[in-house]
Amino acid sequence: MGDGVEMQAGLERVVETIDQQIRWCYEFASPFTAGVLECIRDNLVKGGALAPLVVPWPGEPMRDVVALRLAGVLQMMARTGLAPRLVPFYPAGGGRWDAAAFARELENAVAANLDFVRGIISRPPQTNEIGRSAALMPAYALIAARTGLPLRILEVGASAGLNLMWDRFRYRLGSHEVGDAQSPVTVAAEWRGAWPGITALPRVVERRGCDRTPIDLNAPGEADRLMSYMWPDQAERVKRLEGAIKLAQQVKPPLDKADAGDWLAQQLAKAVPGVATVVAHTIAWQYFSKETSERGHRALEDAGARASAAAPLARVSLEHYAPDKPPALKLTQWPGGETRTIANAHAHGLWVEWLEV
Ligand SMILES: C[S@@+](CC[C@H](N)C(=O)[O-])C[C@H]1O[C@@H](n2cnc3c(N)ncnc32)[C@H](O)[C@@H]1O
């Protein structure tokens, strides 16, 4: 299930990772997902229908985010009609939470859909967090202002490509509003620090993303799959994701199925004059293999060496650079290659702390 054939994890390790995820869900304000995970954990401990599908786990349960695979498959069964009796427990279905009753329905739902559950939990969960555009957008505006050029955005690890559509959203950042006032997607965040003076969104002349497993939201079941990994009691995030899925279904974000390292080497092979090329990634580079990361860095350095004022290059990254700290937004600009941390931001975009003056 995980990439690693090197290890198997027993019940104790699986339960440990689920317990850790339960703490994170409480901390990140999703008590519903925490409650679902408590029932999942109890089902495993009691040797319920989930147990033979999950234990022993053929990989590292924390790295494989087993807890989110399991919470996701239950929500998917509720959303897609495979387990109608789970629906009333979910916020969108009425939200009548009763842990003992949920535990019974969980057992029935899994027992009736063993192959489905096995198939879904064999795949990594996939998310696409639009809230991260609250940090990306001001970085793009800064690059456009500094270079005086329209943008060519290249996003690696783009998932469904929803953040490639950042200029089709409306932004409410602190007391500042910019973007498309008619957009079905509002990205709202608490703004900390000085406002960088953005009054309009910069022009994008080209956008493209890649992912190892890109999500095509027009393919059957894929929108439900993406929605199923969202914590359903976070109403604002749910609404925002639904809106962005609709936008992407109308005009598909251009996405390639590719490894980030190879793809960057191809995309950056030639300098493009008259535009500022921006390589972006959010909570993605940290998942790349050593080889992918090295290839990606080499492609950026080679392209950076060729960059000029007429064909500048930038890298914008929102990643967890330090353990137990919120993600940092870093900006590197070529020519020059100077890197600065321009903001810190909540992983789901609840707040942005702007540091650049
Ligand atoms: C946690 S998700 C973040 C997705 C998106 N950037 C966001 O912020 O919502 C990480 C993404 O990186 C992708 N990924 C992992 N390894 C990759 C690789 N070597 N090349 C391209 N994409 C990769 C995964 O498929 C997944 O969609």
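Residues numbered from 1 in each chain as written. Predicted model: local features only at pLDDT ≥ 70, side-chain atom pairs only at ≥ 80, totals over all residues.

## Let's talk about the overall build of the protein chain
- Helix and strand counts for the protein chain stand at 11 helices and 11 strands.
- With the C-alpha coordinates aligned to their principal axes, the bounding extent of the protein chain is approximately 65 × 45 × 35 Å.
- Evaluated residue by residue, the protein chain yields a buried proportion of 44% over its 357 residues.
- Intrachain contacts of the protein chain at a sequence separation of at least 6 include 72% that bridge at least 24 residues. (Helix = DSSP H or I, 4+ residues; strand = E, 2+ residues; numbered from the N terminus. Buried ≥ 20, exposed ≤ 12 C-beta atoms within 10 Å, placed from the backbone. Contact = placed C-beta atoms within 7 Å.)

## Things to note about the site of the ligand
- For the ligand, the set of nearby residues contains 21 residues, the closest of which are Gly157, Ser159, Arg212, Ala260 and Thr282.
- Partitioning the shell around the ligand into residue classes produces 8 nonpolar, 8 polar and 5 charged. (Near = placed C-beta within 6 Å. Nonpolar A, V, L, I, M, F, W, Y, C, P; charged D, E, K, R; others polar.)

## Some points on helix 5 (residues 99–112)
- The end-to-end C-alpha distance of helix 5, which contains 14 residues, comes to 20 Å, matching closely the 20 Å that a straight helix rising 1.5 Å per residue would cover.
- By the burial criterion, the buried members of helix 5 are Phe102, Glu105, Leu106, Ala109 and Val110. Relative to the axis of helix 5, the buried residues are bounded by an arc of 130° and lie together on one face. Along helix 5, exposed side chains directed more than 90 degrees from the buried face belong to Ala100 and Ala111.
- Of the surrounding elements, those touching the buried residues of helix 5 are helix 2 (31–45), helix 4 (66–79) and helix 6 (114–121). (Expected span 1.5 Å × (residues − 1). Arc of directions from axis to C-beta.)

## Quick word on the nonpolar core
- Judged by nonpolar contacts, the single largest core of 101 residues is most densely connected at Leu74 and Val278.
- The element that contributes the greatest number of residues to this core is helix 4, accounting for 10 residues.
- Split by domain, this core shows at least three residues from each of two domains, domain 1 (11–121) and domain 2 (130–354). (Core = buried A, V, L, I, M, F, W, Y, C linked by C-beta atoms within 7 Å. Domains from an automatic or database assignment.)

## Considering the packing of helix 4 against helix 6
- Running from amino to carboxyl end, helix 4 crosses helix 6 at an angle of 135°, the nearest separation of the two axes being 9 Å. Relative to helix 6, helix 4 is oriented oblique. Note that helix 4 runs across helix 6; the crossing there is right-handed. Residues Arg69, Leu70, Val73 and Met76 of helix 4 lie in contact with helix 6, whose contacting residues are Val117, Ile120 and Ile121.
- Residues belonging to the contact of helix 4 with helix 6 are distributed by class as follows: 6 nonpolar, no polar and 1 charged. (Axes fitted to C-alpha atoms, helices over the stretch in contact; angles between N-to-C directions. Parallel < 35°, antiparallel > 145°, perpendicular 65-115°, else oblique. Left-handed = near helix turned anticlockwise from the far one by under 90°.)

## Considering the domain arrangement of the protein chain
- As assigned here, the protein chain comprises domain 1 (11–121) and domain 2 (130–354).
- Using only C-alpha atoms to locate each centre, domain 1 and domain 2 end up separated by 31 Å.
- Between domain 1 and domain 2, the contact holds 15 residues from the first and 9 residues from the second.
- At the level of elements, helix 2 and helix 4 are the ones that each hand at least two residues to the side of domain 1 that touches domain 2.
- Sort the elements by how many residues they give to the side of domain 1 that touches domain 2 and helix 4 lands first, with 5 residues.
- Here the side of domain 1 that touches domain 2 is composed, by residue class, of 9 nonpolar, 5 polar and 1 charged.

## Remarks on helix 7 (residues 133–147)
- Under the 1.5 Å per step criterion, the end-to-end length of helix 7 is 20 Å for 15 residues, consistent within 8% with the ideal 21 Å.
- In terms of residue burial, helix 7 counts as a mostly covered element, since 12 of its 15 residues are buried.
- Every buried residue belonging to helix 7 is among Ser133, Ala134, Ala135, Leu136, Met137, Pro138, Ala139, Tyr140, Leu142, Ile143, Ala144 and Thr147, and all of these are buried.
- Just past helix 7, the residue Gly148 takes up positive phi, approximately 70°.

## Description of the sheet that holds strand 4 (residues 186–192)
- Reading across from one edge, 3-2-4-11-10-9-8-7-1-5-6 is the order of the 11 strands in this open sheet, with mixed pairing throughout. One side of each edge strand has no neighbouring strand; the edge strands of this open sheet are strand 3 (176–179) and strand 6 (255–257). Direction aside, neighbouring strands of the sheet carry axes that sit 25° apart on average.
- As paired elements, strand 5 (residues 204–211) and strand 6 share 3 bridges and run parallel to each other. Counterpart to Cys210 in the pairing with strand 6 is Asp256.
- The sheet strands contacting helix 10 (residues 260–267) are strand 1 (151–156), strand 5, strand 6 and strand 7 (276–282), and the helix crosses strand 1 at an angle near 160°. (Pairing = 2+ DSSP bridges.)

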